[in-house]
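In case you want the letters, here they are:
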Amino acid sequence: LETRRTGELVANAVDGVESLEVYYGKYLPQIIITVLAPIGIFFYLWKLNSVIAVVLVLAFPLALLVPWIFQRATWRRGRSHWKAWTDLSALIVDSLQGLPTLKAFARSRDRGREIAHQSSVLFRETMRALLVSLWGSSLRELVLTGSFALALAVGALLAARGYLEIRSLIMVLLLSREIFRPLNELSM
């Protein structure tokens, strides 16, 4: 408590608790769904057609690989963004608490410039974090959509040759996208 600024402590207390709520309320339950749902869908698709199920199962590790590749960059950008956020919060809280002193020594204009500078630092860090996040989510979506399209193409080819019924092809169409939905939601 003695080595941190008040605003940084406030930001950690408020935003840190909100992050824990997201972690325990959304992230952990989503992990369970991400593990169980694709397994159930895979077994159902296996019963419909084993070739399509194998195509989707082979694509699943690739869909897991994309977020893993971006994990380090996302973590690094997230840390930089969090530091910029806590620095701005600390500066604002300290300024509000010390407003009479700032006014007494005619330093409020200088403090305003510091806040503006820190706000621009936060903006740049936010844009960098979003850039990494958008690249990762775009590549993840490309892998998921490509896997879905490949499974559908294989299913259409099998249906055209008479190895798969049309109603089974429709189920493949619906479920092959659903097998990746929990993974996509977890990544988000």
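Please read all numbers here as calculations on a predicted model, not as lab measurements. Within any chain, residue numbers begin from 1 and follow the written order of that chain's sequence. Local features are withheld for residues below a pLDDT of 70 in this predicted model, meaning they are given only at 70 or higher, and side-chain atom pairs are given and counted only at 80 or more; totals for whole chains, interfaces and linings count all residues. Computation of side-chain values: all heavy atoms of the structure, hydrogens and water removed.

Q: Pulling in residues and values, what's your account of the environment of arginine 107?
A: Only DSSP runs of H or I reaching four residues or more are called helices, and only runs of E reaching two or more are called strands; each is numbered from the N terminus. Of note, arginine 107 is situated in the loop between helix H3 (99-104) and helix H4 (108-160). Here arginine 107 falls in the partly exposed class, since its relative accessible area comes to 42%. Taking the C-alpha atoms as reference points, arginine 107 and leucine 96, eleven residues apart in sequence, are found 13 Å from one another. For every residue, the accessible area (1.4 Å probe, protein chains only) is compared with the maximum for its type, and the residue is labelled buried under 20%, exposed over 50%, or partly exposed between those bounds.

Q: Residue-level account of helix H5 (residues 166-178), with values.
A: The first and last C-alpha atoms of H5 sit 19 Å apart over 13 residues, in line with the 18 Å expected at 1.5 Å per residue. Among the residues of H5, those classed as buried are Ser168, Leu169, Val172, Leu175 and Ser176. Here the expected span of a helix is defined as 1.5 Å times the quantity of residues minus one.

Q: So what's going on with the side chain of glutamate 125? Which residues, and what values?
A: Along the chain, glutamate 125 falls in helix H4. Two N or O atoms count as a polar contact when they lie within 3.5 Å, although within protein this holds only if one can serve as hydrogen donor and the other as acceptor, and sequence-adjacent residues are included solely when both atoms are side-chain atoms. Within the structure, glutamate 125 has its side chain in polar contact with the side chain of arginine 77 (distance 2.9 Å). Any pair of residues with heavy atoms lying within 4.5 Å of one another is described as a contacting pair. Once residues lying within four places of it in the same chain are set aside, the contact partners of glutamate 125 are Arg77, Ser80, His81 and Ala84.

Q: Can you explain the packing of aromatic side chains? Please cite residues and give values.
A: Any pair of Phe, Tyr and Trp rings, taking the six-membered ring for Trp, is counted once the centres come within 6.5 Å. Such a pair is stacked with planes under 30 degrees apart, edge-to-face with planes over 60 apart, and tilted for the rest. Taken as a whole and assessed by the stated rule, the structure comprises two aromatic pairs. Aromatic rings pair up to connect Phe42, Phe43 and Trp46 into one cluster.

Q: I'd like a description of the nonpolar core, backed by residues and values.
A: Working definition of a nonpolar core: buried Ala, Val, Leu, Ile, Met, Phe, Trp, Tyr and Cys residues. They are joined through side-chain atoms within 4.5 Å. Within the largest apolar cluster, 26 residues are counted, with the highest numbers of intra-cluster contacts made by Leu45, Ile52, Leu56, Ala63, Leu164, Ile179 and Phe180. At the level of secondary structure, the elements contributing two or more residues to this core comprise helix H1 (6-48), helix H2 (50-97), H4 and H5. When residues no more than four places from it in sequence are discounted, the contact partners of isoleucine 52 are Ala151, Val154, Gly155, Leu158, Leu164 and Val172.

Q: Which residues make up the pattern of salt bridges, and what values go with them?
A: Counted as salt bridges are all cases of a side-chain nitrogen of Lys or Arg within 4 Å of a carboxyl oxygen of Asp or Glu. Throughout the structure, instances matching the rule amount to seven salt bridges. Aspartate 110 is the partner of arginine 113 in a salt bridge, and the nearest nitrogen-oxygen pair spans 2.5 Å. Placement of the pair is arginine 113 and aspartate 110 together in helix H4, with a separation of three residues, close to one helical turn. Owing to a relative accessible area of 24%, aspartate 110 belongs among the partly exposed residues under this scheme. Between glutamate 125 and arginine 128 there is a salt bridge, with the nearest N and O atoms lying 3.0 Å from each other. Separated by three residues within a single helix, glutamate 125 and arginine 128 lie in helix H4, roughly one turn from each other. Owing to a relative accessible area of 11%, glutamate 125 belongs among the buried residues under this scheme. It is possible to trace a salt-bridge network through shared partners that takes in Arg77, Glu125 and Arg128.

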